[in-house]
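# Secondary and tertiary structure notes
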Amino acid sequence: MLFDKFQSMADFQAELRDRGVAPFGAVTEELLSATEGVVQGKRVILAGTNNYLGLSSDPRCIKAAKDAVERWGTGTTGSRLANGSFVEHQALEDDIAEFYGVENAIVFTTGYSATMGMCATLAGPGDVILLDADSHASIYSGVKQSGAEVIRFKHSNPEDLAKRMRRLGDRAKQTLIIAEGIYSMLGDVAPLRDIAAVKREYGGYLFVDEAHSMGALGETGRGAAQAAGIEEDVDFFVGTFSKSLGAIGGFCVSRHPELQTIRYCISAYIFTASSAPSIIASTREALRIIRTEPELRDKLWHNANLLYDGLQALGLPVGPTASPVVAVEMEDRSATIECWQALMDAGVYVNLVVPPASPSTNFLLRNSVSAAHTSAQIKHIVKAYASLISTGLVNPTKTA
Ligand code: PMP
């Protein structure tokens, strides 16, 4: 039967239904602020949104979106190659290129299509892609479409990357190396300095997905490569407007002028409608705010440290360093589901992550921190986790 392959997912859905827990696609019924909402009938602190700087509800971004909708209407009804290129789209491309200090930028309708489209197009038959084993689904999807030879290196392991580049001999020069900035599930940062050193030694092109690190890392918020001081080694940056910038959309920037030719070869760019002008306008405003208000990044890291230190002090396994993504790793699926519901009951919404979305066989209670959280809200989140321990739902020594 065509549907046989979905049986394990159907069983999982049935289990959740029987238990009366709905962690996936939980519906937000009301948004009270960037960090509070009514989800499934309950007022909760939002700790699973990727709204790292809280800009989705910034009044300046909202005004920019409103003005654009008045001027341009609700949608473009066409792709960038047809009728969907408005001056706002071009202005955002100019803004992003300038932000990264390069000449070339492409704006996409989603972050997924930016990453997937670039990976699918940059390398082709006869080329080699070396990607981090824990890469995001959009990267895997793109490289699969590319037709290139795809080789995985161990997660954030430059020695393994170097070994595989060495084995490629002359072909190393024609290799696309793919890494992310902050990894979305555990919040760890890629060792980009060492990865760039491998590229310098063996050749190839470096592609970095800064989806979770743009706005969060680097002196001016450009991301993990800026923080590592290796931007010169990066050939292509991609990122999203759906996290720190609080909207939806994606981009690729590059110092290579060829990007302007490649633009016309990317299916995910050509065959989809362009972003609504209101989204482009709020994104431009959010980018301006990121550039001019570095204190937002400081606040984000203050909150990230507060949550990380709090959960670590409880003895929970939270990963090696503080980050805007703080994930608690759990071994047992059933216990993780119970904990997710208990956190909701305690007024905290987090992400429940199950394999293969989590990088190992573990389950995750994934928290994302925002600059818009108050210290009191972060303390409330820590208290909610403490109650998981005091009620015996979690035994810190046995979580993962
Ligand atoms: N790349 C990475 C690393 C991501 O984590 C995500 C989204 N979680 C994307 C790309 C896709 O971005 P978007 O959700 O904005 O389409």
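Residues numbered from 1 in each chain as written. Predicted model: local features only at pLDDT ≥ 70, side-chain atom pairs only at ≥ 80, totals over all residues. Heavy atoms only, no water.

Right, let's talk about the overall build of the chain for a bit. Of the regular secondary structure elements, the chain holds 14 helices and 14 strands. Against the globule reference of 21 Å for 400 residues, the chain gives a C-alpha radius of gyration of 21 Å, in line with a compact fold. In terms of its C-alpha atoms, the chain occupies a principal-axis envelope of roughly 60 × 55 × 50 Å. Of all 400 residues assigned to the chain, the portion counted as buried reaches 56%. In the chain, the proportion of contacts linking residues at least 24 apart, taken out of those at least 6 apart, comes to 68%. Surface exposure of the chain reaches about 17,100 Å², of which carbon and sulfur atoms provide 53%. (Helix = DSSP H or I, 4+ residues; strand = E, 2+ residues; numbered from the N terminus. Rg over C-alpha atoms; globule rule 2.2 N^0.38 Å. Buried < 20%, exposed > 50% of the residue type's maximum accessible area, 1.4 Å probe, protein only. Contact = heavy atoms within 4.5 Å. Areas by Shrake-Rupley, 256 points an atom, 1.4 Å probe, with all protein chains shown as cover.)

Moving on, we come to the nonpolar core. Ranked by size, the top nonpolar core spans 94 residues in total, and within it I96, Y100, M165, L192, L311, L365 and Y385 carry the most contacts. Counting contributing residues, this core receives three or more from each of domain 1 (4-56 + 294-390) and domain 2 (73-292). Ignoring sequence-local partners within four residues, the contact set of I96 consists of A105, F241, F251, V253 and L287. (Core = buried A, V, L, I, M, F, W, Y, C linked by side-chain atoms within 4.5 Å. Domains from an automatic or database assignment.)

Our next topic: the state of the cysteines. Under the definition given, this model contains zero disulfides. Not engaged in a disulfide, the cysteine C265 finds its nearest cysteine sulfur in C252; these two sulfurs lie 13 Å apart. On the accessibility criterion, C265 (48% relative accessible area) is partly exposed. (Disulfide = S-S within 2.5 Å.)

What follows concerns the site of the ligand. Taken together, 14 residues lie around the ligand, and Y112, D209, H212, T240 and S242 are the ones closest in. G111 is positioned with one of its backbone polar atoms (N or O) 3.1 Å from an oxygen atom of the ligand. Interatomic distance of 3.1 Å between a side-chain N/O atom of K243 and a nitrogen atom of the ligand. Protein contacts shield 84% of the accessible area of the ligand, which totals 390 Å² for the unbound molecule. Of the residues forming the shell around the ligand, the biggest block, three residues, is contributed by helix α4 (residues 111-122). Residues that form the shell around the ligand fall into these classes: two nonpolar, nine polar and three charged. (Near = heavy atom within 4 Å. Polar contact = N/O pair within 3.5 Å; in protein donor to acceptor, adjacent residues only side chain to side chain. Nonpolar A, V, L, I, M, F, W, Y, C, P; charged D, E, K, R; others polar.)

As a further point, take the sheet that holds strand β11 (residues 325-330). The three strands are arranged β11-β14-β13 in an open sheet whose pairing can be described as antiparallel. If you trace the sheet from one side to the other, it starts and ends with β11 and β13 (351-353), each paired once. Averaged over neighbouring strand pairs, the angle between their axes works out to 25° when direction is ignored. With three bridges connecting them, β13 and strand β14 (residues 363-368) associate as antiparallel partners. By the bridge assignment, V353 is partnered in β14 with L364. Docked against the sheet, helix α13 (residues 333-345) engages β11, β13 and β14, running at close to 30° with respect to β14. (Pairing = 2+ DSSP bridges. Axes fitted to C-alpha atoms, helices over the stretch in contact; angles between N-to-C directions.)

Turning our eyes to something else, we now look at the domain arrangement of the chain. What the domain assignment lists for the chain is domain 1 (4-56 + 294-390) and domain 2 (73-292). One C-alpha centre belongs to domain 1, the other to domain 2, and the line joining them spans 27 Å. Listed per partner, the contact involves 23 residues of domain 1 and 23 residues of domain 2. Both sides of the domain 1 and domain 2 interface together cover about 1,800 Å² of buried area, and 60% of this is carbon and sulfur. Counting the surface domain 1 buries against domain 2, the share from its top three residues, L55, R297 and P359, is 31%. Where domain 1 packs against domain 2, one counts zero salt bridges. For the side of domain 1 that touches domain 2, the secondary-structure elements that each account for two or more residues are α12 (295-313), β11 and β14. Per-element tally for the side of domain 1 that touches domain 2: the top contributor is α12, with five residues. (Buried area = accessible area lost by both parts, 1.4 Å probe. Salt bridge = Lys/Arg side-chain N within 4 Å of Asp/Glu carboxyl O.)

Right, let's talk about the pairing of strand β2 (residues 36-39) for a bit. Sheet topology places strand β1 (residues 28-31) next to β2; three bridges connect them, and they run antiparallel. Residue pairing for β2: T28 is matched across the bridge by V39. If you look at the hairpin formed by β1 and β2, you'll find four residues sitting between the two strands. In this structure, β2 lies alongside strand β3 (residues 42-46), joined through four bridges in antiparallel fashion. Residue pairing in the sheet places V38 in a bridge with R43 of β3. Hairpin remark: β2 followed by β3, antiparallel, with two residues in the connecting loop; positive phi at Q40, about 50°.

Attention now moves to the environment of A227. Here A227 lies in helix α8 (residues 224-228). Sequence-wise, A227 and T28 are 199 residues apart; in three dimensions their C-alpha atoms are separated by 35 Å.

In this section: the sheet that holds strand β9 (residues 236-240). One open sheet holds the seven strands; their spatial order is β4-β10-β9-β8-β7-β5-β6, and the pairing between them is mixed. Where the open sheet ends on each side, the last strands, each with one partner, are β4 (104-108) and β6 (149-153). Pairwise comparison of adjacent strand axes, ignoring direction, gives a mean angle of 20° for this sheet. The pairing of strand β5 (residues 128-132) with strand β7 (residues 175-180) spans four bridges and is parallel. Across the sheet, residue V128 finds its bridge partner in β7, namely T175. Across the sheet, helix α5 (residues 137-146) touches β5, β6, β7 and β8 (205-209), and the angle it forms with β5 is around 165°.

A few words on the packing of aromatic side chains. Considering all chains together, one arrives at eight aromatic pairs under this definition. Between W72 and F86, the ring centres sit 5.0 Å apart and the planes meet at 40°, which makes this aromatic pair tilted. Taken together, the residues span a long stretch of sequence, with W72 in helix α2 (residues 59-72) and F86 in the loop between α2 and α3 (87-100) at a distance of 14 residues. Ring plane angle 90° and centroid distance 5.3 Å describe the contact between F99 and Y100, whose orientation is recorded as edge-to-face. The same class applies to F99 as to Y100, namely buried. Ring-pair connections join several aromatic residues into one group, and the members of that group are F99, Y100, F237, F241 and F251. (Phe/Tyr/Trp six-rings, centres within 6.5 Å; stacked < 30°, edge-to-face > 60°.)

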